[in-house]
Amino acid sequence: MNRWTIPAPAIILCLAILLGCSGNAGNPAAPDSDINPVVTSSSGQASQTGTFLGAYYDCFVDVENESIEVVRNSTAEYTLNLVPFLNMVEWPLFGIAFTNVSFDQSNPSVLGVDLNFAISHPLAGIPQYNAYDLRGVIIGHGDDWLSYDPELRYGVSGKDLTMKNPDGYTRWFNPVEFPTELIFGWAPGGYQDIAGSGSLNPYKYYAMGLTTTGNAFNFLASGSNNDGLFQDGLGRRMELEFVYPPNGVGISFGYAVVLAWEEQGSGPYTPYHITEAAAAYITQTDSLYYNPGEGSGGILILDIDLYCWQEQPDWLYIESTVLSFGFVPKFNAANHLLGNIGNAYRYHVEIPSQGFTGTQGQECWVFAEYENFDYKNDNPGIPSPDVPLAAAFRIPLNIVDNPFCPDVVVTGIDLDYITPEIDDYATQQPYPDVKVSGTGFTGTGLNSEIFFIGTGPITGTDIQAGSVNVITSIEMTCSVDFTGAPLGEYAVQVINGCGKSGQSATALVTVGL
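Keep in mind it's a predicted model, so treat the numbers as computed, not measured. (Residues numbered from 1 in each chain as written. Predicted model: local features only at pLDDT ≥ 70, side-chain atom pairs only at ≥ 80, totals over all residues. Heavy atoms only, no water.)

(A) Up close: the overall build of the chain. Scanning the chain from N- to C-terminus turns up 2 helices and 34 strands. Burial statistics for the chain: of 513 residues in total, 55% are counted as buried. (Helix = DSSP H or I, 4+ residues; strand = E, 2+ residues; numbered from the N terminus. Buried < 20%, exposed > 50% of the residue type's maximum accessible area, 1.4 Å probe, protein only.)

Next up, the structure:
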């Protein structure tokens, strides 16, 4: 075990990507296929996630001297000792560096440490050792647990080590559920023997072309993401917060590297991606409110963009402080899919809030679960949680002071969305199954209204829709009867449950023969 102390302006710690050797494939630099670390599903089928641990380190922040001490817990092992490969990287030392470190001690109870965490590839430029979807995971203690799975403990701001700008959270290789010194789990060690109690830990995503402070989802969805290939020397900005220990001397934490490895063989070498969503972009519609007089209310409305290399999740679980304790709604992902552009999928979910108090500290967790994949591997006796594979993302929620009434926008109209007709035009007859699309559709069916407003030569002809039902804030249904109605073009107007009105500009209905 080696130990270093490095001044904060040029803090360097050793970390290396897991790379392996084999003995039987005829290529001394390529791993054998029969020991390729794959993840299997509960049915015994290979899940093809190819996820494994790169390395694990203990780190000790000395606040007084502004330095970080690093102890390497484990070197990545495959079938042979990897020390010769790790030692090939001379700068940065053993393949990793902390640079541009800054300390924020303005809060007497919390220490902020912002830094660039750069990782070097020990065998950069050798195609059979390409690595994809590399994630740097910060591991600490977890003082709170999640109803989605009580085994998932996570860091709480003000109590534990937290990351303010994570790209996501992962269960892979936490010390609690992966207690093995092999490459299939966390390996304990180090002078502090830090085995953090956090089993859901934040990560930053690394790939060629992703800048230090770039948004991981936007980068992946941009189309110029280089297949998520990890390249030598990439750095990512991490914003960490620690709670000062009682003696005010320093803070401990651990770090792991998780990556996917492409299929090995004689080539050509193609990307080999993780199964779970790699990154997310989650937006909240302002509809949650709280004030001391009226209490709390509104609907938790989320648009969830997921970047999925391989496939969509089966289920979406939502856990939030604005919902009742222990209430974790489950959504069939396919039923809530709005659409996709390439591998970027957008989902929409809405959940009525349930009796929260206050505007501060409200947050939401989104779990994208893959029911046919889990965290097990083919090697017997390797501990791992026997649960479905899931990607996890966490966002703060905005709470307004008073009930919020959104503006209404009408974007689409489908007269026969249940039993479509071939005709391009509506005729003078009833339409019992009409769908209206847009935004800002809030309230209840009794309070919301839909009108078909005559335009052009038939201006002044208004037909009120019946059976109005608000499905979500972006979808309503109704019925309309054009029997005897003047022939011409009708705009669609929606008045939502709190009184806002919006009329379509492009979503028009033409009644003709």
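From this point on, the discussion continues.
(B) Highlighting the packing of aromatic side chains. All chains considered together, the criterion is met by 16 aromatic pairs. What links up through ring pairs into an aromatic cluster is the set Tyr-148, Tyr-154, Tyr-169, Tyr-317, Trp-365 and Phe-367. For the cation-ring pair, Arg-135 lies above Tyr-203, with the distance from its terminal atom to the ring centre recorded as 5.7 Å. (Phe/Tyr/Trp six-rings, centres within 6.5 Å; stacked < 30°, edge-to-face > 60°. Lys NZ or Arg CZ within 6 Å of the ring centre and 35° of its normal.)

(C) A look at the environment of Ile-450. The residue Ile-450 is located in strand 29 (residues 449-454) in this model. Using a relative accessible area of 0% as the deciding quantity, one classes Ile-450 as buried. Measuring from C-alpha to C-alpha, the distance between Ile-450 and Val-492 comes to 7.1 Å, with 42 residues separating the pair along the chain.

(D) Geometry of the state of the cysteines. Summed over all chains, the structure comprises 1 disulfide. With its sulfur 2.0 Å from that of its partner, Cys-405 forms a disulfide with Cys-498. Handedness of the Cys-405-Cys-498 disulfide follows from its S-S torsion of about 90°: it is right-handed. Taken together, the positions of Cys-405 in the loop between strand 26 (388-396) and strand 27 (409-414) and Cys-498 in the loop between strand 33 (488-495) and strand 34 (501-511) put the pair 93 residues apart, joining distant regions of the chain. Using a relative accessible area of 39% as the deciding quantity, one classes Cys-498 as partly exposed. (Disulfide = S-S within 2.5 Å.)

(E) Geometry of the sheet that holds strand 16 (residues 279-285). With respect to topology, 4 strands assemble into an open sheet ordered 16-19-23-22, the strand pairing being antiparallel. The open sheet has two free edges, formed respectively by strand 16 and strand 22 (337-341), since each of these has just one partner strand. Direction aside, neighbouring strands of the sheet carry axes that sit 20° apart on average. As defined by bridge partners, strand 16 adjoins strand 19 (residues 299-307) across 7 bridges and the pair is classed as antiparallel. Across the sheet, the residue bridging to Thr-283 is Asp-303, located in strand 19. (Pairing = 2+ DSSP bridges. Axes fitted to C-alpha atoms, helices over the stretch in contact; angles between N-to-C directions.)

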